[in-house]
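# Reading the structure
Given next are the chains, with one letter for each unit.
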Amino acid sequence: MYPLTIAPIQLQSVLEDPLLAVGLVILVLALVTVWQMVEIVDAYNRGALTVFGEYRKLLEPGLNIVPPFVSRIYTFDMRTQTLDVPSQEAITRDNSPVTADAVVYIRVMNAKRAFLEVDDYQRAVSNLAQTTLRAVIGDMELDDTLSRREMINERIRQELDEPTDEWGIRVESVEVREVTPSQGVKGAMEEQTSAERRRRAMILEAQGERRSAVEKAEGDKQSNIIRAQGEKQSQILESQGDAISTVLRARSAESMGERAVIDKGMETLAEIGQGESSTFLLPQELSSLVGRYGKHLSGSDVKADGAELESLEFDEETRELIGLDDIADIIGEIDEQAEMDVEAMEQEAQAIKEGEDVASTPGAGSDDLSGLSEPEDRTEMEHDSESS
């Protein structure tokens, strides 16, 4: 209670003293003046200073001294600002109603021009963006407005650049957020999309079936080709086998017949050699067979007087016909059998030669054997044992 009683007493004493009251008023006025003279601007702002309504300068960030009581400060945010463009109804070039909205990103590049050239730059840019959005969408077809957003953004930005440059504003980017057709157009588009998807599904299914049929036909074709080639090779091998078998059987029969004739001839010669006559008649076939048998014994044709007996080897045409050169395994087996036959024939021939040496006469044995190996055609041989 005591301080409350003292304060009114002191204030009343101050008011009663004129000098003290004037000093108090001057102090308050000085404080207010200093407060009016000091202006602090933030780092991301710029301030437009007017004195008596006249533009003076831009205030930089930090502490600024301005004329008191007659100055006004208009601050501008120098950072990138976002402006929402309200939804706009527009009609496309193909008479389809749509609704679109966008976002515009701007920045104040010249605070003086933004202060002097336009009343409210944010509202001005927003209104300009709305009209430009409607104009750009009205100049495009519905499909383009739904699929070519980047082109719409670029066209709106280009349309906003020229007028906003005069205001000291730069449009950094424009983004169309949504383009919505009317309900009727949306339903028609959904039906069209469904029909298109059904069509693509049918096309893909048909292509799959066609490809499957082609692959199956190609597989059957390859299978038939491989089967036909296999049958062809089988028939060729079977034919070659039959030909080789036939030739070998014929050759074996011929060899067995020649050997039988030669054996019989040798027995006859032995009987003739035991007789008293010195004249021998040999058939032409026997001399030829003896020459061939000599080839089997020696492995080469028997030569006499520079002439060669006819070889029993196959000629090129016969070998190509029966396919001996193409069947190495069969040839190997045939060669092994032939070697075994030659060895047996050599043993048998050696036994025959030993029998001839015993049965032949001393004077006529060598001449008679030499006459057997001659290939010349003759039906009679005469030999005079006495003159030899």
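Below or above, wherever it landed, is the structure these notes cover. Keep in mind it's a predicted model, so treat the numbers as computed, not measured.

Further remarks concern the sheet that holds strand E7 (residues 97-108). Read across the open sheet, the three strands follow the order E6-E7-E8; overall the sheet is antiparallel. Two strands bound the open sheet, and with one partner strand each, they are strand E6 (81-91) and strand E8 (169-181). The sheet shows a mean angle of 20° between the axes of neighbouring strands, direction not considered. Relative to E7, E6 is paired through nine bridges, and the arrangement is antiparallel. Each residue of the ladder has a partner; that of Thr82, found in E7, is Tyr105. Here helix H4 (residues 121-138) sits on the sheet and contacts E6, E7 and E8; the angle it forms with E6, its principal contact strand, is near 35°. Contacting E7 and E8, helix H6 (residues 149-166) crosses the sheet at an angle of about 140° to E8.

Now for the pattern of salt bridges. Counted by the stated rule, this structure contains 12 salt bridges. For Asp139, the salt bridge goes to Arg155, with nearest N and O atoms at 3.3 Å. Remark: Arg155 occurs in helix H6 and Asp139 occurs in the loop between H4 and helix H5 (142-147); sequence separation between them is 16 residues. You can call Asp139 partly exposed: its relative accessible area is 39%.

So, on to the side chain of Ser71. Relative to the helices and strands, Ser71 is located in strand E5 (residues 71-77). With a relative accessible area of 18%, Ser71 lands in the buried category. Not counting the four nearest positions on each side in its chain, Ser71 is found in contact with Leu49, Thr50, Val51 and Val66.

With that settled, the discussion passes to the packing of aromatic side chains. Evaluation of the coordinates by the stated rule reveals four aromatic pairs. Ring plane angle 35° and centroid distance 6.1 Å describe the contact between Tyr55 and Phe115, whose orientation is recorded as tilted. Of this pair, Tyr55 sits in strand E3 (residues 54-59) while Phe115 sits in helix H3 (residues 111-116), and the two are 60 residues apart along the sequence. Centre to centre, the rings of Phe76 and Phe115 are 6.1 Å apart; their planes meet at 80°, and the pair counts as edge-to-face.

Let us look at the sheet that holds E3. Taken in spatial order, the three strands make up an open sheet running E3-E2-E5, and their pairing is antiparallel. Every other strand in the sheet has two partners, leaving E3 and E5 as the edge strands with one partner each. The mean angle between the axes of side-by-side strands here comes to 25°, regardless of whether they run parallel or antiparallel. Both strand E2 (residues 45-51) and E5 contribute to a ladder of seven bridges, which runs antiparallel. Bridge pairing in E5 links Val51 to Ser71.

Attention now goes to unusual backbone geometry. Keep in mind that most residues, glycine aside, have a negative phi and that most peptide bonds are trans. The residue Phe52 is not glycine, and still its phi comes out positive at about 55°. Tracing the sequence through the fold places Phe52 in the loop between E2 and E3. For Phe52, a relative accessible area of 69% corresponds to the exposed category. Of note, the phi angle at Asn95 is positive, near 60°, even though the residue is not glycine. As for its position among the elements, Asn95 is in the loop between E6 and E7. Residue classification places Asn95 among the exposed positions, given a relative accessible area of 63%.

This brings us to a negative patch on the surface. Where like charges cluster on the molecular surface, the negative patch consists of Glu117, Glu159, Glu162, Asp165 and Glu166. One can find Asp165 in helix H6.

So, on to the pairing of E7. As judged from the 11 bridges shared by E7 and E8, these two strands associate in the antiparallel manner. Residue pairing in the sheet places Thr99 in a bridge with Thr180 of E8.

This part covers the environment of Thr99. Here Thr99 shows up in strand E7. Owing to a relative accessible area of 30%, Thr99 belongs among the partly exposed residues under this scheme. Residues Thr99 and Val179, 80 residues apart in the sequence, show an inter-C-alpha distance of 5.6 Å. Setting aside residues no more than four positions away along its own chain, Thr99 makes contact with Ser87, Gln88, Glu89, Glu178, Val179 and Thr180.

Our next topic: the nonpolar core. Membership of the largest hydrophobic core comes to 34 residues, with the highest contact counts inside it found for Val104, Ile106, Ile156 and Ile169. At the level of elements, E6, E7, H3, H4, H6 and E8 are the ones that each hand at least two residues to this core. Of all the elements, H4 adds the most residues to this core, at seven residues. The residues that make up this core include at least three from each of domain 1 (18-76) and domain 2 (79-181). Not counting residues up to four positions away in its chain, the partners in contact with Ile169 are Ile106, Arg107, Val108, Ala114, Tyr121, Val125 and Thr164. Judged by nonpolar contacts, the second largest core, of five residues, contains Val41, Leu49, Val51 and Leu59.

What counts, and at which threshold
Residues numbered from 1 in each chain as written. Predicted model: local features only at pLDDT ≥ 70, side-chain atom pairs only at ≥ 80, totals over all residues. Heavy atoms only, no water. Pairing = 2+ DSSP bridges. Helix = DSSP H or I, 4+ residues; strand = E, 2+ residues; numbered from the N terminus. Axes fitted to C-alpha atoms, helices over the stretch in contact; angles between N-to-C directions. Contact = heavy atoms within 4.5 Å. Salt bridge = Lys/Arg side-chain N within 4 Å of Asp/Glu carboxyl O. Buried < 20%, exposed > 50% of the residue type's maximum accessible area, 1.4 Å probe, protein only. Phe/Tyr/Trp six-rings, centres within 6.5 Å; stacked < 30°, edge-to-face > 60°. Patch = residues over 30% accessible without salt bridge, like charges linked within 9 Å, V, L, I, M, F, W, Y side chains within 5 Å. Areas by Shrake-Rupley, 256 points an atom, 1.4 Å probe, with all protein chains shown as cover. Lys, Arg positive; Asp, Glu negative; His and termini not counted. Charge placed at Lys NZ, Arg CZ, Asp CG, Glu CD. Core = buried A, V, L, I, M, F, W, Y, C linked by side-chain atoms within 4.5 Å. Domains from an automatic or database assignment.

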